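Chain by chain, the residues run as shown.
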Amino acid sequence: MPPANPFDFAYLNGSGGPDDDKLKEECGVFGVVGVPEAANFVALGLHALQHRGQEAGGIVSYDPDAGFSQARRFGYVRDNFTSHKLMETLPGQTAIGHVRYSTAGSKGPTAIRDVQPFFGEFSMGGAAIAHNGNITNAIALRRELIERGSIFQSSSDSECIVHLMARSMGKHIPDRMEEALRKVEGAFSVVAMTRTKIIGVRDPLGVRPLVLGKIGDGWALSSETCALDIIGAEFIPEIAPGEMVVITAKGVESHYPFRPQKPRFCIFEHVYFSRPDSILGGRSVYETRENIGRELAKEAPVDADLVCPVPDGGTPAAIGYSLQSGIPYAMGIIRNQYMGRTFIEPTEQIRNMGVRLKLNVNRALIKGKRVILVDDSVVRGTTSRKIKDMILDAGAAEVHFRIASPPTTWPCFYGVDTPQREKLLAATMTEDEMCAHLGVTSLRFISIDGLYRAVGEANGRNPDQPQYCDACFSGDYPIMPSDKLAEGFEMKTAAE
Ligand code: SF4
């Protein structure tokens, strides 16, 4: 199939662009209550969460005169939810929204019916929900619900929550949500709304983030604090793992509807997914990433002339590596921030540019230098190879790759798009083999204990009771991926 445009990375050179070789967060959620023109605030919040999903977005609002209003669109928030014409159709003081990158649900071109928030009309009134995470027993639940008469509108795992709510006998929407979510396994941070309230819930392990903010007389719920900043909301606390908050304009009620468990927050949020200006678990994401770079410099030192990040993900860790090692930091690779749509007809020459469309080497700086290149992760390794080629083409004497996460050896089933295990470079090769395959002078990953130290666990990972979810590095899945097991997925054996 020909490319949609010359910047269609999936097509270029038969491979992805620099961001195609990354794990991708599935979604971001945002909601406000008690705020005039709530949908505008939600649009701003979703814009700040765009890094969590670029494929599509949706907003549902409620106004006493207009009732519930909804809009779902493909593409960026800024390209859709900035139009006066559209925003006027979303009146009211309560609204929630969602940005999406599809993992569960339809693959390939998304159907608009898969774009959240999902809306349901219940006997006590309407409710909309937006979900970040992944339901690991969604196939089994869906089968059971369909057998019992539910009619699904989408292929999304999240729709199960609406149908489970519909089957509940609970008197109020929050009661129905509680009952529904007790049947759900997996990772979920949910933001929901009714006519009078917004509701935020995190799964018992708190795998995905969710925070609460105060704005004027109203309240906001968000996947990350960076989206509270954009609307001028004050960050109050994180919603705790297993907590449900029910928020009206008058205030916040907190419940703990699930059996308490030891939290296992996604450690990769610290490494890559969350924005560096967000606060996670009371820690600045930027500082954590800088710490990762410092740990990496201690664990994997090397004589070199420059430390350069692979932008943007590797930047804070490269700064940390430079500070720790005393080797100068430099912008050896420049990222073009303005990659956008174009109407230029693709030519063979443009297609062959691949990664170079987004990243360019600062030749004057690199020539003749021994370069330490810091990146956040290696997934398939396709982009790492191309970047190494660009650096060597620019005349670098040596290229030492330092990776700010441990080798990614297992897929994620909790809301992050990961290739199948056999496509993960580190699942099929040793570190030495990867070094040879990538063609770099040396290659080192941060150890899992080094990563834990960087997130504030001075003694590293507790193997008996890990403090975080780190399944994509360890194969230690804190929630059984039941649907995947039924499909034949093989968990780590005792010998591995
Ligand atoms: S498997 Fe990896 S990416 Fe997925 S939730 Fe766990 S740590 Fe995060």
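Turning our eyes to something else, we now look at the overall build of the protein chain. When you go through the protein chain residue by residue, the secondary structure sums to 18 helices and 25 strands. Against the compact-globule benchmark of 23 Å for 496 residues, the protein chain has a radius of gyration of 23 Å, which places it among compact chains. Taking the principal axes of its C-alpha atoms as reference, the protein chain extends roughly 70 × 55 × 45 Å. Residue burial in the protein chain is summarised as follows: out of 496 residues, 58% are buried. Pairs at least 24 apart in sequence give 68% of the contacts found in the protein chain among residues at least 6 apart. Here the protein chain has roughly 20,500 Å² of accessible surface; of this, 51% comes from carbon and sulfur atoms.

Attention now moves to the pattern of salt bridges. Here the structure, examined in full by the defined rule, presents 22 salt bridges. A salt bridge links Asp 389 to Lys 388; the shortest N-O distance between them is 2.7 Å. For Arg 461, the salt bridge goes to Asp 470, with nearest N and O atoms at 2.5 Å. With respect to burial, Arg 461 and Asp 470 carry one shared label: buried. What emerges from the salt-bridge pattern is a single network uniting Arg 52, Arg 208, Glu 224 and Glu 269.

Turning next to the site of the ligand. Taken together, the neighbourhood of the ligand is formed by 13 residues, with Cys 266, Cys 412, Cys 469, Ala 471 and Cys 472 sitting nearest. Mapped by element, the contributors of at least two residues to the shell around the ligand are α8 (267-273) and α17 (471-474). In terms of residue count, the dominant contributor to the shell around the ligand is α8 (3 residues). Split by residue class, the shell around the ligand holds 11 nonpolar, no polar and 2 charged.

What follows concerns the sheet that holds strand β5 (residues 94-100). Taken in spatial order, the 7 strands of this open sheet run β4-β3-β5-β2-β11-β10-β12, and their pairing is antiparallel. This sheet does not close on itself; its edge strands, each paired only once, are β4 (67-74) and β12 (234-238). Averaged over all adjacent pairs, the angle separating strand axes in this sheet is 15 degrees, with direction ignored. Sheet analysis places strand β10 (residues 211-215) next to strand β11 (residues 218-222), joined by 5 bridges and oriented antiparallel. Among the inter-strand pairings, Val 211 is bridged to a residue of β11, identified as Ser 222.

Note that Ala 180 resides in helix α6 (residues 173-183). Distance from Ala 180 to Arg 167, taken between C-alpha atoms, is 8.5 Å for residues 13 residues apart in sequence.

We now examine the nonpolar core. Phe 268 and Tyr 414 are the most contacted members of the largest nonpolar core, which has 44 residues in total. Looking at this core, the elements that each hand over two or more residues are β15 (265-266), α8, α9 (285-299), α10 (315-325), β21 (370-375), α16 (448-454), β25 (468-469) and α17. Val 378, Ile 387, Met 390 and Ala 396 belong to the second largest nonpolar core, which has 28 residues in total.

Here we take up the sheet that holds strand β13 (residues 244-248). If you trace the 6 strands from one edge of the open sheet to the other, you get β6-β7-β8-β9-β13-β14, paired in antiparallel fashion. Edge positions in the sheet fall to β6 (118-122) and β14 (251-255), since each of these pairs with one other strand and no more. Across the sheet, the mean angle separating the axes of adjacent strands is 20 degrees when strand polarity is ignored. Here strand β9 (residues 198-202) pairs with β13 via 4 bridges, running antiparallel. Paired with Ile 198 across the bridge in β13 is Ile 247.

What follows is about unusual backbone geometry. Residues Gln 116 and Pro 117 are joined by a peptide bond in cis, for which omega reads 0 degrees. Here Pro 117 lies in the loop between β5 and β6. Of the consecutive residues Pro 311 and Asp 312, the connecting peptide bond is found in the cis state with omega at -5 degrees. Located in the positive-phi region is Glu 37, a residue other than glycine, with phi close to 50 degrees. Residue placement: Glu 37 occurs in the loop between β2 (27-33) and α1 (38-48).

Turning to the packing of aromatic side chains, a few remarks are in order. Within the structure shown, the criterion is met by 14 aromatic pairs. Consider the rings of Tyr 62 and Phe 68, whose centres lie 4.8 Å apart with planes at 55 degrees: the pair is tilted. Between the aromatic rings of Phe 413 and Phe 489, the centroid separation amounts to 4.9 Å while the plane-to-plane angle is 85 degrees, which identifies the pairing as edge-to-face. Residue Phe 413 is found in the loop between β22 (398-403) and β23 (416-417), and its partner Phe 489 is found in the segment after α18 (482-486); the two are separated by 76 residues along the sequence.

Here the focus is the packing of helix α5 (residues 159-167) against α6. One can describe the packing of α5 onto α6 by two numbers: an axis separation of 8 Å at closest approach and a directional angle of 120 degrees. Between α5 and α6, the crossing angle belongs to the class labelled oblique. Handedness of the crossing formed by α5 with α6: right-handed. Residues Ile 161, Leu 164, Met 165 and Ala 166 of α5 form the contact with α6, whose participating residues are Ile 173, Arg 176, Met 177, Ala 180, Leu 181 and Lys 183. Of the residues that constitute the contact of α5 with α6, the class distribution is 8 nonpolar, no polar and 2 charged.

Right, let's talk about the confidence of the model for the protein chain for a bit. Averaged over every residue, the pLDDT of the protein chain is 90; residues scoring 70 or more account for 90%. Every residue in residues 340-345 is under pLDDT 50, and counting partners more than four places away or in other chains gives 7 contacts.

This part takes up the pairing of β5. Counting buried residues along β5, 7 of its 7 residues qualify, which places the element largely inside the surrounding structure. The pairing of β2 with β5 spans 7 bridges and is antiparallel. Bridged to Val 32 within β5 is Ala 95. With 7 bridges joining them, strand β3 (residues 56-63) and β5 adopt antiparallel strand pairing. Across the sheet, residue Ser 61 finds its bridge partner in β5, namely Ala 95.

Procedures and definitions
Residues numbered from 1 in each chain as written. Predicted model: local features only at pLDDT ≥ 70, side-chain atom pairs only at ≥ 80, totals over all residues. Heavy atoms only, no water. Helix = DSSP H or I, 4+ residues; strand = E, 2+ residues; numbered from the N terminus. Rg over C-alpha atoms; globule rule 2.2 N^0.38 Å. Buried < 20%, exposed > 50% of the residue type's maximum accessible area, 1.4 Å probe, protein only. Contact = heavy atoms within 4.5 Å. Areas by Shrake-Rupley, 256 points an atom, 1.4 Å probe, with all protein chains shown as cover. Salt bridge = Lys/Arg side-chain N within 4 Å of Asp/Glu carboxyl O. Near = heavy atom within 4 Å. Nonpolar A, V, L, I, M, F, W, Y, C, P; charged D, E, K, R; others polar. Pairing = 2+ DSSP bridges. Axes fitted to C-alpha atoms, helices over the stretch in contact; angles between N-to-C directions. Core = buried A, V, L, I, M, F, W, Y, C linked by side-chain atoms within 4.5 Å. Phe/Tyr/Trp six-rings, centres within 6.5 Å; stacked < 30°, edge-to-face > 60°. Parallel < 35°, antiparallel > 145°, perpendicular 65-115°, else oblique. Left-handed = near helix turned anticlockwise from the far one by under 90°. pLDDT = per-residue confidence, 0-100.

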